[in-house]
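Structure assessment
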Amino acid sequence: MLFHTFTFWTFFVIVAAAYWRLGLRRQNALLLVAGYVFYGWWDWRFLMLIALSTVVDYEMARRISATDGPALRKRWLTGSVVFNLALLGVFKYLGFAVTQAGSLAHFFGYSGPWWVPQIILPVGISFYTFQSLAYTIEVYKRTTPPAPSLFHYAVYVSFFPQLLAGPIERPARLLNQVLHPRPRMNDELFREGLFLILRGLFLKMVVADNLSLVADGIFGRPAADLTAWEVLAGCYAFAFQIFGDFCGYSSMAQGIARWLGFELMDNFRQPYLATSPADFWRRWHISLSGWLRDYVFIPLGGSRGGVGLTCRNLMITLLLGGLWHGASWTFIVWGAFHGLWLVLHRVLGGGRAHAHGAVLWRILVTFHLVCLGWLFFRAESMAQAWTMLTRLTVGWAWTPLAAYSLSMTAVFALPVMIYEAWVERRGNTLALTHSAWPARVLVYLAMILAMLFLAPDKPGEFIYFQF
């Protein structure tokens, strides 16, 4: 069920209508059933996988909490980490690893057949395994008490608004809301939820789905035939496509959760107004970057070991961040690009500028380097990425395709950036909900009309479902 389809909203209306008539325990029971129906709608065969993950991590955390011996506690934690990474390894990376091994074998002269497993990737597996890992790690660190029952933990894992593409919530935030009574539906909850859902629908249906046509049109052409302007237009289009797609999902997830009395974290804070790579990662996919910081970068030593070790830790963290997105060299190179950029930024001191013109320049430079990274992220292969990259150095011919693509990107991206700049100045994602009601009505009406008349006929799936 996609958030921007009639099927989902029929499902949600039924769930919400029953939900607000129940007490806490029955609300949680309904959320558990709804979560499994929602997940099983994609492929019922993977319900056993999420159930297995839930049972194993609950039991591991229970044993960690009940044990005082450091060695035994670490052994149970290791078991949880190995189990979750093994799930990801089999379903997400085994085919890639076998393929690379086959290429290596052929390089050394093997000419026989090579079996490559064809494994379906369970939707959302990267998100719920990381959320489960966060739970066992926090229980191990004694910063979060274990869930009082498997039932409560299962609700935490399968909470359907953010189950498929995040945000990756921490137990101290989401599990705590599962355990305690949520606020009843009121004007504030309704107002905030409505804004978040409409914003998310607009970003997905109008911005992302339209710009996907532009980006696909360019990345789908032979790379050697593209001009530099066309490559640049493709990068711009994809930059706003992936922002509208993923930020749109996160916003809808927040809004749907608000209408159930839950509060999810902001996953995006005006990322294309960042002034440095470090600032970008404080604003983009915040739940993942925070997860990698807390459970990879800091355990490796963080910034405590001098510049050399800090740079090493940054590179390892960003390489793993790239690999998290998928089993492909393009994602690995994308992670390496961001890691190297962060390393250079750290080594060179980051540079501080406060004048308006200097800040604007840094935003422009940061945005274009982010777009350069998106080229690798979007490309189907390293060969395509490299060819498109080389096209940026030659062939600056202005073509009808470049003019059309840049114009379309501007039409859909400029209103978003104007709004993002307005929110940045106010420092509050929900600033519009505190505006006068005539302003809200005009903005909401404009978004609804855009969705009615500008959205493509066929809704597109969310990009991050493949991760």
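Higher on the page you've got the structure.
Below is a summary of the structure that appears in this document. (Residues numbered from 1 in each chain as written. Predicted model: local features only at pLDDT ≥ 70, side-chain atom pairs only at ≥ 80, totals over all residues. Heavy atoms only, no water.)

**Overview of the overall build of the chain**
When its secondary structure is counted, the chain shows 17 helices and 0 strands. By the compact-globule yardstick of 23 Å for 467 residues, the chain fits well, its C-alpha radius of gyration being 23 Å. Oriented by its inertia axes, the alpha-carbon framework of the chain measures out at about 70 × 65 × 50 Å. Taking all 467 residues of the chain together, 55% fall into the buried category. Put simply, the chain shows about 20900 Å² of open surface, and 68% of that area lies on carbon and sulfur atoms. (Helix = DSSP H or I, 4+ residues; strand = E, 2+ residues; numbered from the N terminus. Rg over C-alpha atoms; globule rule 2.2 N^0.38 Å. Buried < 20%, exposed > 50% of the residue type's maximum accessible area, 1.4 Å probe, protein only. Areas by Shrake-Rupley, 256 points an atom, 1.4 Å probe, with all protein chains shown as cover.)

**Some words on the packing of aromatic side chains**
Applying the stated rule across the entire model yields 52 aromatic pairs. Judged by centre distance (5.1 Å) and plane angle (90 degrees), the rings of tryptophan 229 and tryptophan 396 are edge-to-face. Highlighted residues: tryptophan 229 in helix 9 (residues 228–258) and tryptophan 396 in the loop between helix 15 (382–391) and helix 16 (400–426), separated in sequence by 167 residues. For tryptophan 396, a relative accessible area of 45% translates into the label partly exposed. The ring centre of tryptophan 324 lies 5.1 Å from the NZ or CZ of lysine 92, which sits over that ring. (Phe/Tyr/Trp six-rings, centres within 6.5 Å; stacked < 30°, edge-to-face > 60°. Lys NZ or Arg CZ within 6 Å of the ring centre and 35° of its normal.)

**A short note on the packing of helix 8 (residues 187–219) against helix 16**
At a minimum axis separation of 10 Å, helix 8 and helix 16 run at an interaxial angle of 165 degrees. Relative to helix 16, helix 8 is oriented roughly antiparallel. The handedness of the crossing between helix 8 and helix 16 is left-handed. Only Leu401, Ser405, Met408, Thr409, Phe412, Val416 and Tyr419 of helix 16 make contact with helix 8, whose side of the interface consists of Phe195, Arg199, Phe202, Leu203, Val206, Val207, Asn210, Leu211, Val214 and Ile218. When its residues are assigned to classes, the contact of helix 8 with helix 16 shows 13 nonpolar, 3 polar and 1 charged. (Axes fitted to C-alpha atoms, helices over the stretch in contact; angles between N-to-C directions. Parallel < 35°, antiparallel > 145°, perpendicular 65-115°, else oblique. Left-handed = near helix turned anticlockwise from the far one by under 90°. Contact = heavy atoms within 4.5 Å. Nonpolar A, V, L, I, M, F, W, Y, C, P; charged D, E, K, R; others polar.)

**Points about the nonpolar core**
Ranked by size, the top nonpolar core spans 144 residues in total, and within it Phe160, Tyr272, Trp284, Trp374 and Tyr464 carry the most contacts. Among the elements that line this core, the one with the most residues is helix 9, at 18 residues. If we ignore the near neighbours within four places in the chain, the residues touching tyrosine 272 are Ala239, Phe240, Ile242, Phe243, Phe280, Trp284, Ile363, Phe367, Val370, Trp374 and Met417. (Core = buried A, V, L, I, M, F, W, Y, C linked by side-chain atoms within 4.5 Å.)

**Quick look at helix 3 (residues 47–66)**
With 20 residues, helix 3 extends 29 Å between its outermost C-alpha atoms, agreeing within 8% with the 28 Å of an ideal straight helix rising 1.5 Å per residue. All of the buried residues in helix 3 are Leu49, Ile50, Ser53, Thr54, Val56, Asp57, Tyr58, Met60, Ala61 and Ile64. (Expected span 1.5 Å × (residues − 1).)

**Overview of unusual backbone geometry**
Excluding glycine, a negative phi dihedral is what most residues carry, and trans is how most peptide bonds are arranged. A positive phi angle is found at arginine 142, which is not glycine, with a value near 60 degrees. Residue position: arginine 142 is located in the loop between helix 5 (125–140) and helix 6 (150–157). Despite not being glycine, histidine 285 shows a phi value in the positive range, around 45 degrees. Examined against the element boundaries, histidine 285 turns out to sit in the loop between helix 10 (277–281) and helix 11 (286–300). Taking relative accessible area as the criterion, histidine 285 reaches 0% and is therefore assigned buried.

**Observations concerning the packing of helix 5 against helix 6**
One way to put it is that helix 5 packs onto helix 6 with a least axis distance of 10 Å and a crossing angle of 135 degrees. By the angle class used here, helix 5 and helix 6 are oblique. Together, Tyr128, Gln131, Ser132 and Tyr135 of helix 5 and Tyr153, Tyr156 and Val157 of helix 6 make up the contact between the two elements.

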